[in-house]
Structures are given as structure tokens and as C-alpha cells.
Amino acid sequence: MKNWQDVQTVSPWQLSLDSLTTLSYQSHDLTSYLQEVIAGVSRLLSSDWSGVTVQKGASSQVIASSPALQDEDAVFLTHTSVSEIVAKSGQSFFIGDIEQHPEEASRMNGFTCYLGVPLRVLSGEVIGTICSFSSRPRQYDAETLSTVELFAARAATAIDNYHLYQQQQQFNELLEAEVNKRTTELRAAQANLIEHERLAAIGELASMIVHEIRNPLTTVQMGLDYFARLDLPESAKARLSLATDEAKRLTKLLQEISSYSKPQILRPANIDIDNFIRSLLVSLRAIPAAEGRSIEYVPFHSFISIVGDEDKLKQVFINLVRNACEAVEPGETVRWSVTESPGDQIRISVHNGGQPIPPNVLSQLTQPFFSTKSEGTGLGLAIVKRIVEAHSGQLLIESSGREGTVFSVQLPLKAM
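What you are looking at is a predicted structure, and each value in this text was computed from that prediction instead of being measured. (Residues numbered from 1 in each chain as written. Predicted model: local features only at pLDDT ≥ 70, side-chain atom pairs only at ≥ 80, totals over all residues. Heavy atoms only, no water.)

Engineer: An account of the sheet that holds strand β4 (residues 93-95) is requested, with residue identities and associated values reported.
Structural biologist: Pairing in this open sheet of six strands is antiparallel, and the strands run β3-β2-β1-β6-β5-β4 from one edge to the other. Both outer strands of the open sheet, β3 (75-77) and β4, are each paired with one neighbouring strand and no more. The sheet shows a mean angle of 25° between the axes of neighbouring strands, direction not considered. Sheet topology places strand β1 (residues 49-56) next to strand β2 (residues 59-66); seven bridges connect them, and they run antiparallel. Residue pairing for β2: K56 is matched across the bridge by S59. Contacts from helix α3 (residues 30-45) reach β1, β2, β5 (113-120) and β6 (126-134) within the one sheet, and its direction differs from that of β2 by about 75°. (Pairing = 2+ DSSP bridges. Helix = DSSP H or I, 4+ residues; strand = E, 2+ residues; numbered from the N terminus. Axes fitted to C-alpha atoms, helices over the stretch in contact; angles between N-to-C directions. Contact = heavy atoms within 4.5 Å.)

Engineer: Which residues make up the confidence of the model for the protein, and what are the values?
Structural biologist: Of the residues in the protein, 88% have a pLDDT of 70 or more, and the chain-wide mean is 83. Note that pLDDT drops below 50 for residues 1-10; the model gives that stretch four contacts with residues more than four away or on any other chain. (pLDDT = per-residue confidence, 0-100.)

Engineer: So what about the side chain of R107? Which residues, and what values?
Structural biologist: In this fold, R107 is placed in the loop between β4 and β5. Exposure remark for R107: the relative accessible area of 15% places this residue in the buried category. Within the structure, R107 has its side chain in polar contact with the backbone oxygen of S81 (distance 3.4 Å). Not counting residues up to four positions away in its chain, the partners in contact with R107 are H79, T80, S81, V82, E84 and I85. (Buried < 20%, exposed > 50% of the residue type's maximum accessible area, 1.4 Å probe, protein only. Polar contact = N/O pair within 3.5 Å; in protein donor to acceptor, adjacent residues only side chain to side chain.)

Engineer: Which residues make up the nonpolar core, and what are the values?
Structural biologist: Counting 49 residues, the largest nonpolar core has I277, F317, L320, W336 and I348 as its most contacted members. Ranked by residues supplied to this core, first place goes to helix α8 (residues 310-327) with seven residues. Aside from chain neighbours lying at most four places away, what touches I277 is Y297, W336, V338 and I348. Judged by nonpolar contacts, the second largest core, of 26 residues, contains V41, L115, Y140 and A152. (Core = buried A, V, L, I, M, F, W, Y, C linked by side-chain atoms within 4.5 Å.)

Engineer: Outline the packing of helix α7 (residues 273-284) against α8, supporting the account with residue identities and numerical values.
Structural biologist: At a minimum axis separation of 11 Å, α7 and α8 run at an interaxial angle of 50°. One element, α7, and the other, α8, form an angle in the oblique class. α8 is crossed by α7, and the crossing has right-handed handedness. The segment α7 lies against α8, with F276, L280 and L284 engaging E310, L313, K314, F317, I318 and V321. Within the contact of α7 with α8, the residues separate by chemical class into seven nonpolar, no polar and two charged. (Parallel < 35°, antiparallel > 145°, perpendicular 65-115°, else oblique. Left-handed = near helix turned anticlockwise from the far one by under 90°. Nonpolar A, V, L, I, M, F, W, Y, C, P; charged D, E, K, R; others polar.)

Engineer: Tell me about the pairing of β2, residues and numbers included.
Structural biologist: Between β1 and β2, which pair antiparallel one after the other, the connecting turn spans two residues, and G57 there sits at a positive phi close to 70°. Of the pairings in the sheet, the one linking β2 to β3 comprises three bridges and is antiparallel in character. In the strand pairing of β3, Q61 is matched with V75.

Rendered as C-alpha cells:
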């Protein structure tokens, strides 16, 4: 191993060759690598300042230097620097003494000697320079110039590889994002297929059950209607009323099962949203659930229309507004509003300030046969969801202690 005295006897050229042989760009730490390159060049040329520059349009940027520059000095206009000659010609350019090139004095920043070597990548493109400035006149032999060109080749290859690596990383990230997106879409499609198959099986079974129950239920109702016309004692009338109510509830359940199990066949037409809601408000304010409650309508600020099945959408909002009225106490207000939504969509929201819905219940509200009401069938919101999805829309439910509960129907403005 050489001691310091031995090193003093070694020429700068030999030290530079030793530096070249040990340079290895493998960690993608471009800045550190280029600092080693420029340190080798500076030592070889005994320069006052050396730097690696890269071109960016009409400007150049110093990405490594010895001594280091402040950030504000690292970017400069190429045409204001003598390095422009190297960038345009693609050849090395040397000024040993500025007195021999007075035409370049204004671009030498007060230095006397300049050496610029192009950074040429594999494609042949010149992407920048290695440049060296000295305050005193210098002369370099061919061997020294050839060594600087070797440093430049190493630097150009490292920069080119770094850019390729960055491009590869970006491509990998885009590819990974696309794979994740496609995987999510595939899983969603698979889940939808499974759900459709499940609903088809439920629908087939439900249709069979409805058919088997409806006929005997009709016979039972006829019998109850007959007994209702008789003069019965009060105790018998009470029992008859209870049986009649249960028969009506069972009839309603069969109707909802039948509605849920059938495919949602739409009869689309243009619907003026404002007229649609205002006409529906008249009948909704008269339902028993709305008694003592106020239904406030907040229209959209301009005309807006969609394509949809008006009768089925009426079924959706009758259900949502009735549920909202049942969730609040008399004297309170249910707000029905229309707003814009990103992606050429509208959002029609029904908001009530009642008790918040617990998260574990919220996630199950649209599941068939799940109900929070003692006499509920658990099919109302499930049917609402199917109708909304048949319109290429989405049913959104939000609930909190501060804001209350909001049921929102998001529908596309474009034609179905």
C-alpha cells in the first residue's frame, strides 16, 4: 500500500487512471458517481473549477462540480457560456489562453483557460459537457485530453443509464397501477357475476314461493272478508282485525318479493328532474309518515334532465322519503336536494337529522330481508338499490351523529 510520500511522486494522469479503473456506477446514486468523475477531472487538469453540465432546451444545468456551486448558480443559458461551442459541434474545445481567443472573453467569466468535452450517449446525441476552467494559461497533452474524454464517456453512460432506469421505474409503476386496476375491475366483475347468479337463484325460488302462497292466501282473505260482514262479538272482531292485518302484511311481503325477484326492465324516457320532484312532493306530503313533518325541497340552480323510467324512480324516492320521515320526530324537517356530481352525474339526496345509523347496520341496509323495523320486510332498500343500478347509477348512504343520515341517488346525465 502506497504511503503519502509515494503518492506525491505519482503523476495526476496516473492518479486519474487509477480513479477511472475504480469507478463503478451500480447503485443508481448518480450525484455521488458524477462527483467522483468531476473530482478525477479536476485533479487531472489542476483546474480552478470543473463541472458536469446537462442541456435542457436553451439552458444547461450543472449537476456535479468541484468546488460545489450554490443552487441559484447551477442553471444558466447555454448561449451565454463557452460550452455552447461544444454542445453545437459535438467536439471537444480547448482554450489554453484567452488572449488567443478574445472573441470568447465575454463568456469565460473571468477565467483564462477552458476545456470542454461533450457528453455523448450511445445514440450519438450530445446531452451536455464536462468542462474545466482555470485562472492561468494551461497546455494539455493528447494523453491528458484522451483521459478527460474517458471520464466524459463514463459520465455520459451513467447519465444515460440513470435516465433509462428512471423511465423503466416509471413504466413499472404505470404497469403495476394498470395491473392493479384491471385486477380490481376483474374482481368486481366476478363479484357482480356471482351476485347476479345468486339473485337469479333467489328470484327463481321467490317466484315459486309467491305462486304457492298467493292462491291459499287469497282464499284466506276471502274468508276474512266474509267474517268481517257478520255481526260478531267485540272479542271476535279484535281477533278478526288482527288476522286481517297479518294477511295484508303477508300480501305486501309477497308483492315486494315478486318485485325484487323480477328483472328490472326499464321504460326509459326524458325526465325533467325539477318537475318530477315537485309533482311527487304533492303525494308524499300526504302520506301518513309525513304527518307533522316538513319536506323541504332544494332544487338545482338550472334546468337538468336525465333518461330513466319515471315510475320506477318514483318507487325509489317514495321509499327514501318515507323512510326519512319515519326516522325523525314530528316537527322536524326532511331535506330533498339536487346537486351536481363529478363525471357528468347528478346527485339527488334525501337528508334527515334523526338518530345516526350504526356502522355495522349501515353496511347491511341494502341486503335482502335485513330490516331495522319490527314490521319491515327488509326488501325496500334492496329494491331501491336494484332500480338505481339498473339506471347505471349508485345508491350512497352516509350517517353520523352530527349530520344525520343522507341517502343519495347518483345518476348519469347521459343517455342510458
